[in-house]
Amino acid sequence: MNTKQCRYLLAIAQYGSLSAASQALGISQPALSKILAEWESQSGFSLFLRYKHKMMPTAVGRHILDYAQRILEEQNRMLLTMRAMTGDDRQQIRLCTAPNRAAIIYSHVYHDFSSRFPDISLQLVEQYASEQPGAIRRGAADLALGAGPVSKDVADITFAREELLIAIPASHPLAECKQVALDQFRDMPFVLQGKKHSIRRIADDLFAKAGFLPLIAFESNDVFLLDAMLHQAIGAGFVSRIHVSPCDDLVYLHLNPPVYQFSHIRYPKGHELTQAERYLAGLIIRHRLSDSRYERLDCPEADALLSAVESSKPVMLPETIPVSGRQMTDEISLRSDVLRYLIAIEEASSLSAAAEQCYLSQPALSRYLKDTEQMLDIRLFSRSHNRLVPTNAGKIFINDARNILRFESEMQKKLDEYREGHGGNLIVHCDPLLLDTFESQCIPLFSEKNSGITVQVKSHSGNHAQESLLKASADIGLFLSRTPEHPILNQTVLCQTELMYVCAFSNSPSPLQSETAAPRIMLAQEKTVLRQEQEHLLHEYLPTPPDIVCEADPSILLRLAATGIADTILPFGLLSTDQRAAARTFTGSPQLYLIIAIHPARMLPKSASQLTDAIHEVFDHFFTPADETIL
């Protein structure tokens, strides 16, 4: 395997066709088709299926694509870090966030940003909100996520707010109140944030408006230390609602009137945000608003930044990154065997020893090293006292090479498990009418012999299940259908039954094609096969529209029908003896088939056949054949 092949595979998934992907990659379609065939031959599975003129990844294909993406991202980080190490120019955005929150924000936006703009580094600058405007004005930061009041020194986009609560010991006399005024705590000691903290600035303004100076028992910029002191009942304190966790020690009260802290995106005044800066700002806003405890504010500028992120299609392929004056990322192709050879050189500190370990001649190994250094245009090893030692760039290369090989090993292990049926998962689309039986009987029966396999069950109607099988987003379909065959899928009829009109009481007259008043009807949930058939039959046989009194899961309809609440239409094979006595037949005896379906082009693991065996064992006699005449 090499990293260029990973790029090609991801291009097929991104563009949905060999022709479009080959055109984007600048290679011929037959060459790309050959590479795909090699991948499928090595894995032993089909990686893509054609559906509506588009190539859709199979379950195994999605698994391989995930690891291919990780491998390319690792290569991308390697090249960027080595370029920075050798002093090449590189764009960067300095993101300023408050201490304590910085790591959380950074970890949530870094991956998406680096995938979209891999040639731009994201540098973290920690500054309190009060210090951020100065840092931006001095040019020490390009963009900031700030809190507190709006600053006149920078451009602020205010997009959210969080309520500030007052925390007091649970033993305090005011603990039972829902709202309090700040001046009710004139004689109480306070635990407060340090002067640089945005909440402290808000608190000082509140104290000034309340007309008293607080008794400060403890203050610190460390939010974790402040939380610990509050829990020791040292005094009252201001806490953001998003950091409130119910406990026995403290009570959190709303202030009257409510007090809020605002969130801003900050940047230099007069500066027009670049595309990368706008994307980064949108990611930060999206992450912050994903927490429902933040209240979104009406802000057109923030909405525009967020829309830019939401409408941006995910970029599966890393964008082209200059590695040197003549080399580009899409020209880099790191082979797995060569990575192992270069790691061996680093471990042995000698070409001759590494060559012997890798069963190569020393000139051959030397050529592999030279070719890799020329491709990267970076020197990876230097000679010191008859030993080969990695350069700083070489240390980065070796570390990331180990990560790439680890991803490849994990991918192969998962493939082996999937092939042998000892790992992974199977996705089953199951009709709602069959769901309870499938989960209570089929899965336990299957899991007795396949404890390492996870069966993911999705409840969908037959049409949706067929669509998912065709798109390779499901492995097995178990559903009801009026037609036993499909032009593409392999469908096996497990059993069949007749749809019957079930009257509320056995002695009630049948409303079918009669002049009786519109009956009270219970129907299945919308978008299910049973609901579609119910509506079709009612329209055909009832002279007037029925009074629909209930829409419920078919399993619930079965129980409700037994109570005589209203009429309904159900499969005859599921009716009890009493319900059969109240059932009326339709002309032509409309049949309902219980189907198990798979895609014929899918190569499923052995465990899939064991699951289908369990389905046959449970559902082959799910519908009892009609054994009596319904008059």
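Residues numbered from 1 in each chain as written. Predicted model: local features only at pLDDT ≥ 70, side-chain atom pairs only at ≥ 80, totals over all residues. Heavy atoms only, no water.

Focus: the overall build of the protein
Stage number 1. When helices and strands are tallied, the protein shows 20 helices and 23 strands.
Stage number 2. Over its C-alpha trace the protein gives a radius of gyration of 33 Å, far above what one expects of a compact globule, namely 25 Å for 631 residues.
Stage number 3. Principal axes of the C-alpha set define a box for the protein whose edges measure 95 × 85 × 45 Å.
Stage number 4. For the protein, the proportion of its 631 residues judged to be buried stands at 52%.
Stage number 5. Expressed as a percentage of contacts within the protein between residues at least 6 apart in sequence, the contacts between residues at least 24 apart total 78%. (Helix = DSSP H or I, 4+ residues; strand = E, 2+ residues; numbered from the N terminus. Rg over C-alpha atoms; globule rule 2.2 N^0.38 Å. Buried < 20%, exposed > 50% of the residue type's maximum accessible area, 1.4 Å probe, protein only. Contact = heavy atoms within 4.5 Å.)

So, the pairing of strand β5 (residues 143–147)
Stage number 1. Along β5, five of the five residues are buried, which leaves the element largely enclosed by surrounding structure.
Stage number 2. The side-chain alternation of β5 yields two buried faces, one formed by Leu143, Leu145 and Ala147 and the other by Ala144 and Gly146.
Stage number 3. With three bridges connecting them, strand β3 (residues 91–97) and β5 associate as parallel partners. Each bridged residue has a counterpart across the sheet, and for threonine 97 the counterpart in β5 is leucine 145.
Stage number 4. Judged from the four bridges that link them, β5 and strand β11 (residues 250–267) form a sheet pairing that is antiparallel. Each bridged residue has a counterpart across the sheet, and for alanine 147 the counterpart in β11 is serine 263. (Pairing = 2+ DSSP bridges.)

Details of unusual backbone geometry
Stage number 1. Cis geometry marks the peptide bond from asparagine 256 to proline 257; its omega dihedral reads 0°.
Stage number 2. As for its placement among the helices and strands, proline 257 is situated in strand β11.
Stage number 3. The backbone phi angle of alanine 233 is positive, close to 60°, even though this residue is not glycine.
Stage number 4. Examined against the element boundaries, alanine 233 turns out to sit in the loop between α8 (223–231) and β10 (237–240).
Stage number 5. A positive phi angle, near 45°, is found at serine 589, a position not held by glycine.
Stage number 6. Summarising the element assignment, serine 589 is placed in the loop between β22 (583–584) and β23 (591–598).
Stage number 7. Look at serine 589 and you get partly exposed, because its relative accessible area is 29%.

Observations concerning helix α13 (residues 362–376)
Stage number 1. Taking 1.5 Å of rise per residue, 15 residues should cover 21 Å, and α13 covers 21 Å from first to last C-alpha, within 8% of that figure.
Stage number 2. Aspartate 377 occupies a position one or two residues after α13 and carries a positive phi of about 55°. (Expected span 1.5 Å × (residues − 1).)

Here's the deal with the pairing of β23
Stage number 1. Counting buried positions over the eight residues of β23 gives six, a clear majority of the element.
Stage number 2. Two strands pair when backbone bridges link them, and strand β17 (residues 476–481) and β23 are joined in this way by five bridges, in the antiparallel orientation. From the neighbouring strand, leucine 480 faces β23, where its bridge partner is leucine 594.
Stage number 3. Bridge count between strand β18 (residues 490–502) and β23: eight bridges; the pairing is antiparallel. Following the sheet pairing, glutamate 498 is matched in β23 by glutamine 591.

Here's the deal with the packing of helix α2 (residues 18–25) against helix α3 (residues 29–43)
Stage number 1. As a packed pair, α2 and α3 sit with axes 9 Å apart at the nearest point and diverge in direction by 110°. As far as their axial angle goes, α3 and α2 are roughly perpendicular. Each of Leu18, Ser19, Ala21, Ser22 and Leu25 in α2 lies in contact with α3, whose residues at this interface are Gln29, Leu32, Ser33 and Leu36.
Stage number 2. Here the contact of α2 with α3 is composed, by residue class, of five nonpolar, four polar and no charged. (Axes fitted to C-alpha atoms, helices over the stretch in contact; angles between N-to-C directions. Parallel < 35°, antiparallel > 145°, perpendicular 65-115°, else oblique. Nonpolar A, V, L, I, M, F, W, Y, C, P; charged D, E, K, R; others polar.)

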